[in-house]
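This is what each chain is made of:
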Amino acid sequence: MSTLKIGEAGTVQFPMVNHAVEIGWTAVTDKDAQSLRGGVAGGFFRSVLEAKLAEFNSWLTVDMVRSIIERLDALPPNIEGNREMLAWMRGERQWYDEAEKRHRPVTLIDFETTANNAFHVTWEWVSKPPARTKGNRADVMFVVNGLPVCIVEHKNPKDGDAIERAIKQLRRYELETPELLAAPQLFNVTHLLDYWYGVTWNTNRRDMARWKQSREETYRFAVQAFFEPTDFLRTLQHWILYYVQDGETRKSILRQHQRRAIDAITERCLDPVKKRGLIWHTQGSGKTFTLLTAARQILEDKARFDNATVILVVDRTELEGQLRGWVERLLGEMQQKDIAVKRAHTKAELQALLDAGFRGLIIAMIHKFEAIRKDSFTAPNV
């Protein structure tokens, strides 16, 4: 019997690809992937992206499709460009329709029907932009509709500091070939024994989380739970956040406990019988992100929640603390989507909003509710 030799490619990289293929991803060899990209300088599977843009947006002409791809290709390879790329992926950007003389939303990913999207996984993704003196290679890349969305670094399981070395490698990509990280939104690290996930840009060990859904889960289970196509699209659509902290744009991904909390909140809001719910938070568990993301999901889905009113009760920390800039930006984005946002600065303002049956988001500090009249707002979807 021959001795099993533990190495990166043999035990980790290709098993991950196989596990992904089992749940619906299509494997593309490194050579074929490079051909689809048009060489090592290319960032997208261009033909796939062109086809999906045309399929999802029948009003786009061939020239318009090409112009949109050129726009995406020209986004700066930094965290702001990465944020803009996610906005395009989420359908939050528009293009001018010459025929109808108006701007129309552009769909790059069909979040409603998972099967309408193209899911590819490839390996040995070499990036060598013309302006760079050297290139870099990502171990595995996951691609949705031609757009790279997740980069995975694999380390030898015999190395004790594998996770730390992978994070350092991602930082090196930011310095040497930031184009490699222009589109991908997620970063995974694995050495077969553990599976960790986080976001691209601003990466540090503290912001990485271990993916774990059961006490006795295997590497295969972890990979397939993370990349299950429908859940993975939900991650792209809802769970990645850009925020401003101390004047700097940063990026985060909601962890599993936050996702479960948000799903529980939205499900309870739709329950015709049960009207209350309690989620227990510990310090540092991310309650601000959880609360605001849940509020946003409820308010953006006006049909499902019947044009609801959400009252967000906060303390001074959320309104005046380090995340104030992010809160302001998030509220601005909601207003751009025709979601009304009001801050009750006084008890009288809060009482007036309730009396008027205001629809949208009301933000008020808890002491503003003192002496508010009982049954001020009796609508069922508050």
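Residues numbered from 1 in each chain as written. Predicted model: local features only at pLDDT ≥ 70, side-chain atom pairs only at ≥ 80, totals over all residues. Heavy atoms only, no water.

Novice: Before we go on, may I ask you to explain the overall build of the protein chain in this structure?
Specialist: The helix and strand tally for the protein chain stands at 13 helices and 14 strands. Counting all 382 residues of the protein chain, 49% fall into the buried class. Excluding contacts between residues fewer than 6 apart, the proportion of contacts in the protein chain whose partners are at least 24 apart in sequence is 62%. Surface exposure of the protein chain reaches about 19100 Å², of which carbon and sulfur atoms provide 50%. (Helix = DSSP H or I, 4+ residues; strand = E, 2+ residues; numbered from the N terminus. Buried < 20%, exposed > 50% of the residue type's maximum accessible area, 1.4 Å probe, protein only. Contact = heavy atoms within 4.5 Å. Areas by Shrake-Rupley, 256 points an atom, 1.4 Å probe, with all protein chains shown as cover.)

Novice: Looking at this structure, I do not really get the confidence of the model for the protein chain. What am I missing?
Specialist: The predicted coordinates ought not to be read in detail in places where the model reports low pLDDT. For the protein chain, per-residue confidence averages 86 on the pLDDT scale, and 88% of positions sit at 70 or higher. At the level of individual helices and strands, the protein chain shows its lowest average pLDDT in helix α11 (residues 316–320), which scores 58, and its highest in helix α3 (residues 46–56), which scores 98. For residues 1–8, every residue scores under 50 in pLDDT, and the model assigns this stretch eleven contacts once sequence neighbours within four places are set aside. (pLDDT = per-residue confidence, 0-100.)

Novice: What exactly am I supposed to notice about helix α5 (residues 79–89) here?
Specialist: Turn by turn, an α-helix covers 3.6 residues, leaving residues three or four places apart pointing in a common direction. Taken across its eleven residues, α5 has nine buried, putting it largely inside the fold. Regarding α5, the residues found buried are Ile79, Gly81, Asn82, Arg83, Met85, Leu86, Ala87, Trp88 and Met89. Where α5 begins, one side-chain oxygen reaches toward the backbone nitrogen of Glu80, 3.1 Å away; that side chain belongs to Asn78. The positive-phi residue at the C-terminal boundary of α5 is Gly91, with phi of around 75 degrees. (Polar contact = N/O pair within 3.5 Å; in protein donor to acceptor, adjacent residues only side chain to side chain.)

Novice: How should I be thinking about the packing of aromatic side chains in this particular structure?
Specialist: Both the distance between ring centres and the angle between the ring planes are used here to describe each pair of aromatic rings. Under the definition given, this model contains eleven aromatic pairs. Note on Trp25 and Phe227: the rings are 6.0 Å apart at their centroids and 90 degrees apart in plane angle, and the pair reads as edge-to-face. In this pair, Trp25 is assigned in the loop between α1 (8–22) and β1 (26–28) and Phe227 in helix α7 (residues 219–227), connecting sequence segments 202 residues apart. Of the residues examined, Trp25 reaches a relative accessible area of 2% and is grouped as buried. A cation over a ring is seen here: Arg37 above Trp125, with NZ or CZ 4.2 Å from the ring centre. (Phe/Tyr/Trp six-rings, centres within 6.5 Å; stacked < 30°, edge-to-face > 60°. Lys NZ or Arg CZ within 6 Å of the ring centre and 35° of its normal.)

Novice: Quick question: what am I supposed to make of the side chain of Ser285 here?
Specialist: As for its position among the elements, Ser285 is in the loop between α9 (256–269) and α10 (287–300). With a relative accessible area of 12%, Ser285 lands in the buried category. Among the polar contacts made by the side chain of Ser285, one reaches the main-chain carbonyl oxygen of Thr282 at a distance of 2.8 Å. Every residue in contact with Ser285, bar those within four places of it in the chain, is listed here: His257 and Gln258.

Novice: Any chance you could explain unusual backbone geometry here in plain terms?
Specialist: Residues other than glycine predominantly adopt negative phi, and peptide bonds predominantly adopt the trans conformation. One non-glycine residue, Glu124, lies in the positive phi region at around 50 degrees. Take Glu124: it is sitting in strand β4 (residues 119–127). On the basis of relative accessible area, Glu124 is assigned to the partly exposed category, the value being 24%. Its identity as a non-glycine residue notwithstanding, Asn307 has a phi of 50 degrees, on the positive side. Tracing the backbone shows Asn307 in the loop between α10 and β12 (309–314). Taking the relative accessible area as the measure of exposure, Asn307 reaches 35% and is therefore partly exposed.

Novice: Can you help me understand the packing of α3 against helix α4 (residues 62–73) in this one?
Specialist: In a packed pair of helices, the relevant descriptors are the angle between the two axes and the axis-to-axis distance. In contact at an axis separation of 10 Å, α3 and α4 are set at 125 degrees when each is read in the N-to-C sense. Considering their axes alone, α3 and α4 lie oblique with respect to each other. The two elements α3 and α4 cross, and the hand of that crossing is right-handed. When α3 is examined against α4, the residues Arg46, Leu49, Glu50, Leu53 and Ala54 are found in contact with a partner set consisting of Val65, Arg66, Ile68, Ile69, Glu70 and Leu72. Looking at side-chain class alone, the contact of α3 with α4 contains seven nonpolar, no polar and four charged residues. (Axes fitted to C-alpha atoms, helices over the stretch in contact; angles between N-to-C directions. Parallel < 35°, antiparallel > 145°, perpendicular 65-115°, else oblique. Left-handed = near helix turned anticlockwise from the far one by under 90°. Nonpolar A, V, L, I, M, F, W, Y, C, P; charged D, E, K, R; others polar.)

Novice: What is the right way to look at the sheet that holds β12 in this model?
Specialist: Picture the strands of a sheet paired through backbone hydrogen bonds; they go either parallel or antiparallel. Pairing within the open sheet is parallel, and its three strands lie in the order β12-β14-β13. Sheet topology places β12 and β13 (341–343) at the edges, where each strand pairs with a single neighbour. Averaged over all pairs of adjacent strands, the angle between their axes in this sheet comes to 20 degrees, without regard to strand direction. With six bridges joining them, β12 and strand β14 (residues 360–365) adopt parallel strand pairing. Note on β14: the bridge partner recorded for Leu312 is Ile363. Of the strands in this sheet, β12 and β14 are in contact with α10, which crosses β12 at around 170 degrees. (Pairing = 2+ DSSP bridges.)

Novice: How should the nonpolar core be read in this particular structure?
Specialist: In a soluble, globular protein the nonpolar side chains are often hidden away together inside. The biggest cluster of nonpolar side chains holds 81 residues, and the ones touching the most others in it are Leu72, Phe142, Phe227 and Phe232. With six residues, strand β5 (residues 136–144) is the single largest residue contributor to this core. Beyond its immediate sequence surroundings of up to four residues, Leu72 is in contact with Phe44, Leu49, Met85, Trp88, Leu108 and Leu147. By size, the runner-up hydrophobic cluster in this structure holds 18 residues, among which are Phe305, Leu330, Leu331 and Met365. (Core = buried A, V, L, I, M, F, W, Y, C linked by side-chain atoms within 4.5 Å.)

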